[in-house]
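# An overview of the molecular structure
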Number of protein chains: 2
Amino acid sequence: MAPPPPAWVQKLVPSSPRGQDLLAAERSGSQVDSDRLAQLLHGKEDLELKDRIEKIISAEKVFDKNELLSMGRVDRIQRSLARGKTLKRLSDKHQWSKEEYKVAANISGEPNVYGLHDGMFLVTLREQGTPEQHKLFLEKAERSEYIGCYAQTELGHGSNVRGLETTATWDPKDKTFVIHSPHLTASKWWIGSLGKVANHAVVMAQLFVNGKNHGPHPFVVHIRDLKTHEPLENIYVGDIGPKFGYNSMDNGFLLFNHVKIPHANMLARFNFVDPVTSEYRRVGSPSLIYGTLTWVRSHIVLDSGSSLARGVAIATRYAAVRRQFQDRDAEEAGIGGETPVLNYKMVQARLLPLLAASYGLHFTGRGMMELYNANQEAMKKNLAGGTSKRSAGPEELNPGADLLADLHSTSCGLKALGSTIAVDGLEACRRACGGHGYSSYSGIGPWYSDYLPTATWEGDNYMLTQQVARYMLKTARGVLNGTAPDNETARILKHYLARKDTGAAFDVLNNDQDIVAAFAWRTAYLTMEALRLRDKEKQSWNSLLVHFWRLSTAHSQYLVVRNFYDAVVRDHKAVVAQVGEPTAKALIDLYRLYALTTFEANGAEFFTSGAVTTAQISLTRTKGISALLDAIRPHAVNLVDAWSFSDYVLNSSLGRKDGAVYEDLFARARTNPVNDLVFDPYPSSDTLIKRVDRQAKL
Amino acid sequence: MAPPPPAWVQKLVPSSPRGQDLLAAERSGSQVDSDRLAQLLHGKEDLELKDRIEKIISAEKVFDKNELLSMGRVDRIQRSLARGKTLKRLSDKHQWSKEEYKVAANISGEPNVYGLHDGMFLVTLREQGTPEQHKLFLEKAERSEYIGCYAQTELGHGSNVRGLETTATWDPKDKTFVIHSPHLTASKWWIGSLGKVANHAVVMAQLFVNGKNHGPHPFVVHIRDLKTHEPLENIYVGDIGPKFGYNSMDNGFLLFNHVKIPHANMLARFNFVDPVTSEYRRVGSPSLIYGTLTWVRSHIVLDSGSSLARGVAIATRYAAVRRQFQDRDAEEAGIGGETPVLNYKMVQARLLPLLAASYGLHFTGRGMMELYNANQEAMKKNLAGGTSKRSAGPEELNPGADLLADLHSTSCGLKALGSTIAVDGLEACRRACGGHGYSSYSGIGPWYSDYLPTATWEGDNYMLTQQVARYMLKTARGVLNGTAPDNETARILKHYLARKDTGAAFDVLNNDQDIVAAFAWRTAYLTMEALRLRDKEKQSWNSLLVHFWRLSTAHSQYLVVRNFYDAVVRDHKAVVAQVGEPTAKALIDLYRLYALTTFEANGAEFFTSGAVTTAQISLTRTKGISALLDAIRPHAVNLVDAWSFSDYVLNSSLGRKDGAVYEDLFARARTNPVNDLVFDPYPSSDTLIKRVDRQAKL
């Protein structure tokens, strides 16, 4: 450890007023009840669960987060392995459920090398393997004897799964599949848990039987020796190197040179090759699997709220502690002292809409999960009844299929919107912290870097918008020719078509329901416009991509507004019962702020669609938003407190719950490992280091 | 080094078509002459200078850039010192001028620990020291015996220099100043070159003489022993820890416990304390110093163009190589093969406006530098004539003062706009590279991380907009009461006021000059609106901050559009003579694309100001921009080539000039140091590492 500073340094305190007192005043000055609000957001059980597990995790030296910030990749990846092993050990010791283990992994604060083994590898074996394959692979995998990954993406192929180059060719002579990488671009790439820890991989490869390509299928391939952990023959595997974030994960590459695997290694729950006749066959329906991606995306929407909220919590608390300048009017009036930057309208305008968005995304994610679960239950019942034995895409399933198609599209658009808001919002929060936001001790940068891939994985955010547009166009055609199912999308289109000629004049400034209606109207307008350009003007798909992106964004914004409305306005009485009147009122203000800032930023679209007058846009800009910022400002700290992030989780000097911002920054800076070195600073000397106080440890 | 891969891996090549062939086809398919355009952008001499110096730098092992990406901070900072020493040695060997040294430092690719010594420390001693002080300090500093930094920012104080807490109290008894940190928040913070290498600091401290505070002044303080390099008594100094970027710089902290320094150590060119009478005095005029910040900001504007262009060059080349899916229409028509993503309208809409912005910012920065130099010359002549001996802020100087005030405001707004466009644009480029954009080998992430502070330093981008607004309001009042000077800002306001009632109907789609006029009109409208809210409606300064930020942004966008217009439309004939007709035409298209995308994104403001009809906005969206994307698409690669970034400078697999994207990514991944480790992956074992191929070196 670094030596303690001299006595005169130890005596120093920050100039007053202290951050501690400022935050205490913020909290007592607001009637928003952050504890009851926390229960509304998370539920009492989840809060207790997190508390209990955090105590266990944070007590372990290996889960110290401060050291990670200065580490290079060689150290980071070893530490990640050590943390991963500790997590597994703790899980055994405390007999954690899957859910508890996941909570523990999240609290530990960085992805670890077992992440994709625990996730996609086990899930794929479970969902796509036969009972025999569960015996062969899954049981060992669950005991961590087989450690695996899910190898789909290739060096030259991301979103387009059908374009994968890796081949699996059936050899009827010896009843094997030959796994092969015909080109360098066929190398598996970005595969988490592959670079260092996996000894097995589920490999997605083009299945060739008798010269015919049946498309990508999953194969279990043994890649490293179980004892030496060295790559097996004709396997070339390794880590893909440093990244913008996620450096604790061993994302890997993998190449095959005509590697033979047994017939049993093709995951055969839904498709298989008959080993006797060499016929390719389908069995059962993978329809429940289709839901997995929807479920994953719904979770991303839910998480985007809390992911953004971390940055907002840090930036808001720090803005209440950090003082800078006087207000210009106060200065001219000769009023002394600097003002907390949270009092500046420009800072409010940057932070509070993000606070509102974090709540909106959370309620939207929750709404989607509920819908998804209800539908999944309905489908399971139906499948058990045996009505859906044919192979089918989501659109063809019944009942629940119409809803599933709607949910699928919804989840695509909302995943794109939610993760984009969170990613951009986190960076906005970091910048709102001024210079100190750039320090790793702000806690925002490292979190942002690790969160960033969410904008790309599970469907690139731009690519996904095409799926939404395609669905909107299809539904619009259905509405026009009377074949559309009765779901939310169809209803807003019908409503628009019925009222289009009489026009709308929504009062977004004074009527909460009109806000929802205006967003629905704009979505419908953009959909019908897209339909006209595509079907009437016969414009090329490519030329419409920007329009489609706009449409998907608009529709997803509508969904957030509608879900937010349902949660806090429609259900206002229930909310009041849970959190009390002042808190319920603050939630309504957050709803309005999210809606009106989104409305204002897209004013031209609302105006062109005929949803509102220009006066509404103008008034929103000059009065509406400003009044909401004033209304929410006093409750900002309590509203971020309700997210219940512990100091251990935030790992942020600026976002300290007690406001001891400067003490914490100083303590961390002082003890950072670079301060163990004494330089020889003269260019004339070849020596770099005169003295080292302690050796930086691996 | 990592062992070579097996023969079967060595034989693998990417699937065709190869990146090399795709880029070659892009280049031969366009008539844009990237070589001649490069000369227009940079000048032949600068290009040759850079080439010459890059050969020297890239030949040194210590300047290998690949290794840096995996290093932790302890290694990074030592490597930075080694690189810094090498730079100094090369500079001596080749007898580089200051300019050549700076070029070399830039090419080396990361800030090094001497950066602030070479910059602000020497500059401050030179500009603010007396000839005696030059002997005492500057000469030794130029020989690197004194290594220094510029210590202004404090833990609790950034933008508000007047709020600094560090004190320098004159002690008439022993003719010394006592430097002291009264609180923890007084600690100097973020000071580059302070954490590890400096043995001296120029410290900005509140000067107290006989109990009176004369505000912040600069003092030279000796902080580390010249031999042992250990901190001197009552000095507490160190490195502030890991950051989002800039980890090769030893940004430091510094605390003083009543440290006495001689009278000679207060830099006394403009102010001093009479050692006999203890009187505080001003001498001479610091007016030329006032220009320094303007000069620095103008440079940031110029650099923002090329900084952004690096990301655009990488993303554009990669988008021409990376293929994904078929166009949906091609797919339906059964046309095979994947298409380069640069053919997708959505990708064009994300990248090409940034390409246009990079050119626009470059021409704007150049225009500002020219104006600044001309004005500085004029002022020097005038000062030599002795008419301006009084102490004065920029507004009070004459002649050139009106121009300087305009330039000052212009530089504030453009610094904010330019660096914001560059920062956000670089991240947009990174994301446009899809998954591989997240790899450090993309070259964008590391560059982005190091460039990011530009949005905060030399004036926070949001804070600066207040200065612009203040100046705009002042000029508007001057125009109304007839006292405004004749400068650009006043002229656009006068023009607007004269025509306001008859109204405007600019044809932004068909008339290049009308575009400039529309931007000027919108600026003037927002200025008069701000004036009305402030002076007539008496709204508080704080309540107007968002409006001011809009105004500053609008005005700066006008300036970019106007400078871009001057450079490529007004001077079209000269440009044709330099680069030929097709290239000159492409530059005009870039001008239009920058202007129209900016116009479209702010459509509501243009419409409300009465500059255009809604039809113009609508047509710009549906036709205008799309047509420009089509026109520029074929020239995209040649237009980024003209920036003349070498592969060594870009350090990017994705942006390789030859298009060998996948070969390069694979080669780097394969040899990354994490691949030297063989893990013990089993949670049941405490061992982490089974085997290490080579030891990761410091």
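Residues numbered from 1 in each chain as written. Chains lettered and ligands numbered in written order. Predicted model: local features only at pLDDT ≥ 70, side-chain atom pairs only at ≥ 80, totals over all residues. Heavy atoms only, no water.

### Structural notes on the interface of chain A and chain B
Residue-level contacts link 142 residues of chain A with 142 residues of chain B. Carbon and sulfur atoms supply 62% of the area that chain A and chain B bury against each other, a total of about 12500 Å² over both sides. Broken down residue by residue, the surface that chain A buries against chain B is led by W8, Y438 and F679 of chain A, which jointly contribute 7%. Connecting chain A to chain B are 10 salt bridges. We note a salt bridge from R89 of chain A to D686 of chain B, for which the minimum N-O separation is 2.9 Å. (Contact = heavy atoms within 4.5 Å. Buried area = accessible area lost by both parts, 1.4 Å probe. Salt bridge = Lys/Arg side-chain N within 4 Å of Asp/Glu carboxyl O.)

### So, a negative patch on the surface
Residue and element names in this part refer to chain A. On the surface, E45, D46, E48, D51 and E99 cluster together into a negatively charged patch. For the negative patch, the element with the most residues is helix α4 (residues 44-58), which contributes four residues. Mapped onto the elements, D51 comes out in helix α4. According to the relative accessible area criterion, D51 is partly exposed, its value standing at 47%. (Patch = residues over 30% accessible without salt bridge, like charges linked within 9 Å, V, L, I, M, F, W, Y side chains within 5 Å. Areas by Shrake-Rupley, 256 points an atom, 1.4 Å probe, with all protein chains shown as cover. Lys, Arg positive; Asp, Glu negative; His and termini not counted. Charge placed at Lys NZ, Arg CZ, Asp CG, Glu CD. Helix = DSSP H or I, 4+ residues; strand = E, 2+ residues; numbered from the N terminus. Buried < 20%, exposed > 50% of the residue type's maximum accessible area, 1.4 Å probe, protein only.)

### A look at the pairing of strand β7 (residues 235-239) of chain B
Residue and element names in this part refer to chain B. Most of β7 sits out of view: five of its five residues are buried. Two strands pair when backbone bridges link them, and β7 and strand β8 (residues 252-256) are joined in this way by five bridges, in the antiparallel orientation. Bridge assignment links G238 to a residue of β8, and that residue is F253. (Pairing = 2+ DSSP bridges.)

### Concerning the sheet that holds β8 of chain B
Spatial strand order, β4-β8-β7 (chain B): three strands in an open sheet with antiparallel pairing. Lying at the two open borders of the sheet, with one neighbouring strand each, are β4 (188-191) and β7 of chain B. Along the sheet, successive strands turn relative to each other by an average axial angle of 15°, direction set aside. Strands β4, β7 and β8 of chain B of the sheet are contacted by helix α24 (residues 661-670) of chain A, whose axis makes an angle of about 110° with β8 of chain B. (Axes fitted to C-alpha atoms, helices over the stretch in contact; angles between N-to-C directions.)

### Concerning the UniProt feature "domain: Acyl-CoA oxidase/dehydrogenase middle" (unreviewed entry) in chain A
Taking the numbering used here, the UniProt-annotated feature "domain: Acyl-CoA oxidase/dehydrogenase middle" (unreviewed entry) corresponds to residues 149-259 of chain A. Regarding residues 149-259 of chain A, the helix share stands at 0% and the strand share at 43%, and the terminal C-alpha atoms are separated by 18 Å. (UniProt positions renumbered as here; feature names shortened; annotations may be inferred.)

### Notes on the packing of aromatic side chains
As enumerated under the stated definition, the model contains 50 aromatic pairs over all chains in all. Judged by centre distance (6.4 Å) and plane angle (55°), the ring pair of Y438 of chain A and F244 of chain B falls under tilted. Note that Y438 of chain A is positioned in the loop between α12 (401-432) and α13 (444-451) and F244 of chain B in the loop between β7 and β8, a pairing that runs across two chains. Under the relative-accessibility criterion, Y438 of chain A is labelled buried at 7%. Owing to a relative accessible area of 12%, F244 of chain B belongs among the buried residues under this scheme. Taken together, the ring pairs in this structure connect W190, F244, Y438 and Y448 of chain A together with W190, F244, Y438 and Y448 of chain B into an aromatic cluster. The ring centre of Y114 of chain B lies 5.2 Å from the NZ or CZ of K88 of chain B, which sits over that ring. (Phe/Tyr/Trp six-rings, centres within 6.5 Å; stacked < 30°, edge-to-face > 60°. Lys NZ or Arg CZ within 6 Å of the ring centre and 35° of its normal.)

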